[in-house]
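Now for the letters of each chain:
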Amino acid sequence: MLFFVMMCGLCGALTVTSAKGVSIALTALVAGRVALFTSSQAWLTYLLICAAVVSIVLQMKYLNLSMMHFGAQQVVPVYYVIFTLMSISAGMVLYLEVDFGSWWRALLFALGIAVTFIGVWQICRDAVADATAAAVAA
C-alpha cells in the first residue's frame, strides 16, 4: 500500500507545484505581461501545464490502484498525510515559501502539522475500531 500511496503523494506534490507555476504565469498574463507565454521563456509555462496534466492522471491511477487493493479506511489517511507533507515540502523548497523569522514560528508550524496528522490518525483509528467491533458482533 505504501508504494502506491507514496507515488500518489509524489504526483500530487508535482501537481501542486506545477499548478502554482501556471498560476504565476496566468497572473502575469492578466496583468499584461505576456512574456511567459510568447517569449523564449514560454517553454517553461507549457512544460508546467503538461506536467500538471500528466501528474494528475498518474495521481488518479495510483490512488485507484491503492483503493482496489486496500480499503479506503487504510488508504485515505495515509494518502492525506503523505500528500500534505510532500506538498508542503515541495513548496518550501521550490518556491522558498518558508520564512519563519523565529524559532517560535517554526515550532508552531511543526506543532500545527503534528496536531493535524494526529487528528487524522485519531479519527481513522476510531473508525477502524468501530468496524472491527461491528464485525465481531455480527
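First things first, this report covers the structure right here in the doc.

Scoring rules and cut-offs
- Every residue gets a number counted from 1 within its own chain, in the order that chain's sequence is written.
- The predicted origin of the model limits local features to residues at a pLDDT of at least 70 and limits the giving and counting of side-chain atom pairs to 80 or more, whereas totals for whole chains, interfaces and linings rest on all residues.
- Only heavy atoms go into the side-chain values, all of them from the structure, while hydrogens and water stay out.
- Every axis in this analysis is a line fitted to C-alpha atoms, fitted for helices over the stretch in contact. Angles between the N-to-C directions lie between 0 and 180 degrees.
- Helix and strand labels come from DSSP, where a helix needs a run of H or I of at least four residues and a strand needs a run of E of at least two; each type is numbered from the N terminus.
- Pairs of residues are marked as contacts when any of their non-hydrogen atoms sit within 4.5 Å.
- We call Asp, Glu, Lys and Arg charged. Ala, Val, Leu, Ile, Met, Phe, Trp, Tyr, Cys and Pro are nonpolar, and the rest, Gly among them, are polar.
- Definition used in this section: a nonpolar core is a set of buried Ala, Val, Leu, Ile, Met, Phe, Trp, Tyr and Cys residues joined via side-chain atoms within 4.5 Å.
- Burial status follows relative accessibility: with a 1.4 Å probe on protein chains alone, a residue under 20% of its type maximum counts as buried, one over 50% as exposed, and anything between as partly exposed.
- The rule for a disulfide is simple: a pair of cysteine sulfur atoms within 2.5 Å.
- Patch membership requires over 30% relative accessible area and the absence of a salt bridge. Like charges are linked within 9 Å, and nonpolar side chains (Val, Leu, Ile, Met, Phe, Trp, Tyr) within 5 Å.
- Methods summary: accessible areas were calculated by the Shrake-Rupley approach with a probe of 1.4 Å, and residue burial reflects only the protein chains presented.
- By convention in these notes, a salt bridge is any Lys or Arg side-chain nitrogen within 4 Å of a carboxyl oxygen on Asp or Glu.
- Between the rings of Phe, Tyr and Trp (Trp by its six-membered ring), a pair exists once the centres lie within 6.5 Å; its type follows the angle of the planes, with under 30 degrees stacked, over 60 edge-to-face, and the other angles tilted.
- By definition here, charges over rings are those cases where NZ of Lys or CZ of Arg is within 6 Å of the ring centre and within 35 degrees of the ring normal.
- Here, expected helix span is obtained from the residue count minus one, scaled by 1.5 Å.

With that settled, consider the packing of helix α3 (residues 42-69) against helix α4 (residues 72-94). It is the contact of α3 with α4, at a shortest axis distance of 9 Å, that shows an interaxial angle of 145 degrees. Residues Gln-59, Leu-63, Ser-66 and Met-67 of α3 pack against Ala-72, Val-75, Val-76, Tyr-79 and Phe-83 of α4. A per-class count over the contact of α3 with α4 returns 7 nonpolar, 2 polar and no charged.

A word on the nonpolar core. Counting residues in hydrophobic clusters, the biggest one holds 9 residues: Val-5, Cys-8, Ala-13, Tyr-62, Leu-63, Val-75, Tyr-79, Ile-82 and Met-86. When contributions to this core are tallied by element, the ones reaching two or more residues are α1 (2-30), α3 and α4. The element that contributes the greatest number of residues to this core is α4, accounting for 4 residues. Among residues more than four places away in sequence, those in contact with Tyr-62 are Phe-3, Phe-4, Met-7 and Cys-8.

Now for the state of the cysteines. Here a disulfide denotes one covalent bond, and it connects the sulfur atoms of two cysteines. By the definition in use, this model includes 0 disulfides. Of all cysteine sulfurs, the one in Cys-11 lies closest to Cys-8, which takes part in no disulfide; the gap is 6.9 Å.

As a further point, take a nonpolar patch on the surface. Judged by side-chain polarity, Trp-103, Trp-104, Leu-107, Leu-108 and Leu-111 come together as a nonpolar surface patch covering roughly 560 Å² of accessible area. For Leu-107, the position within the fold is in helix α5 (residues 103-137).

Inspection of every chain in the model, using the stated rule, returns 6 aromatic pairs. Taken together, a centroid distance of 6.3 Å and an interplanar angle of 90 degrees make the contact between Phe-3 and Tyr-62 edge-to-face. Here Phe-3 is found in helix α1, whereas its partner Tyr-62 is found in helix α3, with 59 residues between them in sequence. Note on Phe-4 and Tyr-62: the rings are 6.4 Å apart at their centroids and 35 degrees apart in plane angle, and the pair reads as tilted. Here Tyr-62 lies in helix α3 and Phe-4 lies in helix α1, a separation of 58 residues in the sequence. Among the aromatic residues, those joined into a cluster by ring pairs are Phe-3, Phe-4 and Tyr-62. Stacked on the ring of Tyr-62, the Lys or Arg Lys-61 has its end atom at 5.2 Å from the ring centre.

With that settled, consider α1. Between its first and last C-alpha, α1 extends 41 Å over 29 residues, near the 42 Å set by a 1.5 Å rise per residue. Positive phi appears at Gly-32, one or two residues downstream of α1, with a value of about 100 degrees.

These values are about where atoms sit, not about what they do.
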